[in-house]
Number of protein chains: 2
Amino acid sequence: MSFSSAVSGLHDAAVPERVGDHAAQRLDDVRSLMARELSEVEALIAARIAMGVAPATHSAAHLFKAGGKRVRPMGLLLAHACWSPIDDKARGLAAAAELVHMATLLHDDVVDDGDKRRGLPTSRRLWGNAVSVLAGDLLLVEALRLGSTADPTTWRELVETLGRLVEGEVVQLRGRLEVSLDEATYFEIIRGKTASLFEWALRSGAREGGAPEAAVMALGELGGHLGVAFQLVDDALDYEGDPRATGKSMLADLCEGKVTLPLIRAASVDYDGVSKLVSDVREGDAQAAQTLAARVRSSGACEEVRARALQETARALACLEGVPDCRARDVLADVARGLAARVS
Amino acid sequence: MSFSSAVSGLHDAAVPERVGDHAAQRLDDVRSLMARELSEVEALIAARIAMGVAPATHSAAHLFKAGGKRVRPMGLLLAHACWSPIDDKARGLAAAAELVHMATLLHDDVVDDGDKRRGLPTSRRLWGNAVSVLAGDLLLVEALRLGSTADPTTWRELVETLGRLVEGEVVQLRGRLEVSLDEATYFEIIRGKTASLFEWALRSGAREGGAPEAAVMALGELGGHLGVAFQLVDDALDYEGDPRATGKSMLADLCEGKVTLPLIRAASVDYDGVSKLVSDVREGDAQAAQTLAARVRSSGACEEVRARALQETARALACLEGVPDCRARDVLADVARGLAARVS
């Protein structure tokens, strides 16, 4: 896609004023609007994977082909487009954001003994833990290579972001099956493991696009809220979602020992009952898992979590205040609303 | 240690002209000569580990406290000292080199299902695979943080080096228990997984010390040869070494499926016999492992491998030609000779 057509794709009359009637549909509309731009980023990622060594490349390609929302690269490109047309540098950073995300998924599947991801068996199920660890390392290196062409601040912040990602994962590991996990720790975990990379993506997009410093910070903040909202919805979906739509096993978090906000909220009204069920689940009682999930749903916890996600979305939208009025800004707002409303 | 005493430690009359009578003893002598300098680097590493999050920090600290030769930081500091006194920046990079090495060890133990390292149970045995994967990621991030203060070329080369390390590991994984592994592939593996980091350490030390470009390249080359020699000796020791001295299980490589040069050489004279024994080992026959080890030793393969290591050492020493005549240069030569002659 040429430089100019990329811009016009985001500024032209071809984009309807309101993208879809329902917020949840917006994300799909935005994705098709940005399809060509994202396919260039995907081609870049595929080329980077292909440069690696088999069998690590098979493992990485399997994960990549299984799809994904590509919401981090999308956010980065849109933040960039608020100030400048999307260029190769922006695409490279967008690819880096997705590669970091993919690297953490490969390592997470080893950490969590995960069996299913994006509707398919995990790479570690197909090629084993060893390949997944090394494939994750390989993708991380590719992300760093791509990131090294950026502004030195963006580059240093990428390393800091990796640190926050890993720390979030470690804190999560420590809290495995701890029903008494407090909300502050839960938010520490999701700010680290999810929001930090969204924050980096949006901030870097704005910076590389030439945004003034205050706007760079505001877009970073927007990314952070977006990431928290995204993870909150993900965690609600694990209890309320349709596995055919999410591509994950139902209650995957619970089975991997992850204590998320829906469970914490349900435990806050019936600690003993929920604790007992969690310890039964820990002992492999499949029936207890179903009972626990029903208990969480009937407690209204999922609705509470979605309400909290909408709060974060509102905060994210407020960060758009200083951003120049343009189509990319509107689309970014649609992405934020779409992520909060999604059902898969 | 003060700036001036660090220099005098490498330039003073306190250092004997020949460090020890036997090459193998030289490494210990050099290590005690550099003890104060290395302990500052170790303090830096310990501080970086402590900044992380438990239980990943426990896992990393366990590996760190188990010791190690610290030969990468040593090489980096000595290369630096050939041109300039050792300073905080050099110590930071030396710590980065060791942290990268430690990160690969933590991931390797997961990749190889390793049970013993440096005479102690591996971190993954004590805290599990999940913690080791994340602890490795954490150390990698700390290394990148430290590296980001360096010259941009040094920094970019660190990322390239990580890529080579991982690729070496992947090629090794692919060749598991392939007795027909050719020597070219074996050297590709060890150049990637071991020599690349030695190369980076020596080259970066020289560059940050202010060496002219030709010398920077020569020191990198020296590091590469040193790394190959180091790995060759390591691989010979796996068949000939005393487990009490090496701190590893005897035949650890073989048990992890790693086909190294001693085995390749032994197979080159008796392919069928060695193949049969390897497939028995693969099926868990402990007696076959002992027989195979004895077969490798009696074939003279270990002596051949050590001779090859001495060749690499000679090439390494030849790279010192353009280096200014100074004590650090002499000590570096002692390190090279010591590594080739070591028995643990």
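Worth saying up front: this structure is predicted, and the values here are computed from it rather than measured.

Caption draft 1: Seen up close, the overall build of chain A. Helix and strand content of chain A: 17 helices and two strands. When its C-alpha atoms are laid out on the principal axes, chain A stretches across 60 × 45 × 35 Å. Residues counted as buried form 56% of the 344 residues belonging to chain A. When contacts within chain A are restricted to residue pairs at least 6 apart in sequence, those whose partners lie at least 24 apart make up 75%.

Caption draft 2: Region of interest: the relation of the copies chain B and chain A. Overlaying chain B with chain A gives an RMSD of 0.0 Å, the required rotation being 180 degrees about an axis along which the chain moves by 0.0 Å. Viewed as a symmetry operation, the transformation between the two copies matches a two-fold axis. Among all residues of chain B, the one whose C-alpha sits closest to the rotation axis is B:Val133, at a distance of 3.6 Å. When the interface residues of chain B are mapped onto chain A, 100% of them again lie at the interface, so the same face is used by both copies.

Caption draft 3: View of unusual backbone geometry. Residue and element names in this part refer to chain A. Residue Pro-55 is reached from Ala-54 by a cis peptide bond, and omega for that bond is 5 degrees. Inspection of the secondary structure assignment puts Pro-55 in the loop between α3 (35-50) and α4 (56-65). With a phi angle near 55 degrees, Arg-70 is a residue other than glycine that sits in the positive phi range. Considering the arrangement of structural elements, one finds Arg-70 in the loop between α4 and α5 (71-81).

Caption draft 4: Layout of α5(A). Most of α5(A) is tucked away: eleven of the eleven residues are buried. Taken together, the buried positions of α5(A) are occupied by A:Val71, A:Arg72, A:Pro73, A:Met74, A:Gly75, A:Leu76, A:Leu77, A:Leu78, A:Ala79, A:His80 and A:Ala81.

Caption draft 5: Quick look at helix α8 (residues 152-174) of chain A. With 23 residues, α8(A) should cover 33 Å at 1.5 Å per step; its first-to-last C-alpha distance of 33 Å lies within 8% of that length. Burial within α8(A) is extensive, with 17 of its 23 residues counted as buried.

Caption draft 6: Main features of the environment of A:Ala96. Residue and element names in this part refer to chain A. One can find Ala-96 in helix α6 (residues 88-112). Taking the C-alpha atoms as reference points, Ala-96 and Leu-140, 44 residues apart in sequence, are found 8.5 Å from one another. Every residue in contact with Ala-96, bar those within four places of it in the chain, is listed here: Ala-143, Leu-146 and Gly-147.

Caption draft 7: Broad picture of the nonpolar core. Counting 227 residues, the largest nonpolar core has A:Leu134 and B:Leu134 as its most contacted members. No fewer than three residues from each of domain 1 (34-149) and domain 2 (152-326) of chain B sit in this core. Those residues in contact with A:Leu134 that sit more than four places away from it in its chain are A:Ala56, B:Val111, B:Val166, B:Glu169, B:Val170 and B:Leu173.

Caption draft 8: Region of the structure containing the interface of chain B and chain A. The partner chain A presents 29 residues to the 29 residues of chain B that form the contact. Among the secondary structure elements, those contributing two or more residues to the side of chain B that touches chain A are α6 (88-112), α8 (129-147) and α9 (152-174) of chain B. Broken down by element, the side of chain B that touches chain A gets its largest block of residues, eleven residues, from α9(B). When the residues that make up the side of chain B that touches chain A are grouped by side-chain class, the tally is 19 nonpolar, four polar and six charged.

Caption draft 9: Representation of the packing of helix α17 (residues 301-318) of chain B against helix α18 (residues 327-341) of chain B within the structure. Residues and elements named next belong to chain B. The N-to-C vectors of α17 and α18 enclose an angle of 175 degrees; their axes lie 9 Å apart at closest approach. As summarised for this structure, α17 and α18 are arranged roughly antiparallel, according to the angle between their axes. Together, Ala-309, Leu-310, Thr-313, Ala-316 and Leu-317 of α17 and Ala-333, Ala-336, Arg-337 and Ala-340 of α18 make up the contact between the two elements. Split by residue class, the contact of α17 with α18 holds seven nonpolar, one polar and one charged.

Caption draft 10: Spatial organisation of the confidence of the model for chain A. Residues and elements named next belong to chain A. For chain A, per-residue confidence averages 86 on the pLDDT scale, and 90% of positions sit at 70 or higher. Looking over chain A, one finds the lowest element-wise mean pLDDT in helix α1 (residues 3-11), namely 39, and the highest in helix α9 (residues 183-208), namely 97. Within the model, pLDDT remains below 50 along residues 1-9, and this stretch shows 13 contacts once partners closer than five positions in the same chain are excluded. Both confidence scores are given for the complex: pTM 0.88, ipTM 0.85.

Caption draft 11: Focus on the environment of A:Lys65. All names here are of chain A. Here Lys-65 lies in helix α4. Take Lys-65: there are 13 C-beta atoms within 10 Å of it, and that puts it in the partly exposed class. C-alpha of Lys-65 to C-alpha of Arg-118: the two residues are 53 residues apart in sequence and 9.7 Å apart in space.

Caption draft 12: Expanded view of the packing of helix α11 (residues 213-240) of chain B against α17(B). Residue and element names in this part refer to chain B. One way to put it is that α11 packs onto α17 with a least axis distance of 8 Å and a crossing angle of 165 degrees. Considering the angle they form, α11 stands roughly antiparallel to α17. The two elements α11 and α17 meet at a crossing, and its hand is left-handed. Judged by residue contacts, Leu-222, His-225, Leu-226, Val-228, Ala-229, Leu-232, Val-233, Asp-235, Ala-236, Tyr-239 and Glu-240 of α11 engage Cys-302, Val-305, Arg-306, Arg-308, Ala-309, Glu-312, Thr-313, Arg-315 and Ala-316 from α17. Within the contact of α11 with α17, the residues separate by chemical class into twelve nonpolar, two polar and six charged.

Scoring rules and cut-offs
Residues numbered from 1 in each chain as written. Chains lettered and ligands numbered in written order. Predicted model: local features only at pLDDT ≥ 70, side-chain atom pairs only at ≥ 80, totals over all residues. Helix = DSSP H or I, 4+ residues; strand = E, 2+ residues; numbered from the N terminus. Buried ≥ 20, exposed ≤ 12 C-beta atoms within 10 Å, placed from the backbone. Contact = placed C-beta atoms within 7 Å. Least-squares fit on C-alpha atoms with pLDDT ≥ 70 in both. Expected span 1.5 Å × (residues − 1). Core = buried A, V, L, I, M, F, W, Y, C linked by C-beta atoms within 7 Å. Domains from an automatic or database assignment. Nonpolar A, V, L, I, M, F, W, Y, C, P; charged D, E, K, R; others polar. Axes fitted to C-alpha atoms, helices over the stretch in contact; angles between N-to-C directions. Parallel < 35°, antiparallel > 145°, perpendicular 65-115°, else oblique. pLDDT = per-residue confidence, 0-100. Left-handed = near helix turned anticlockwise from the far one by under 90°.

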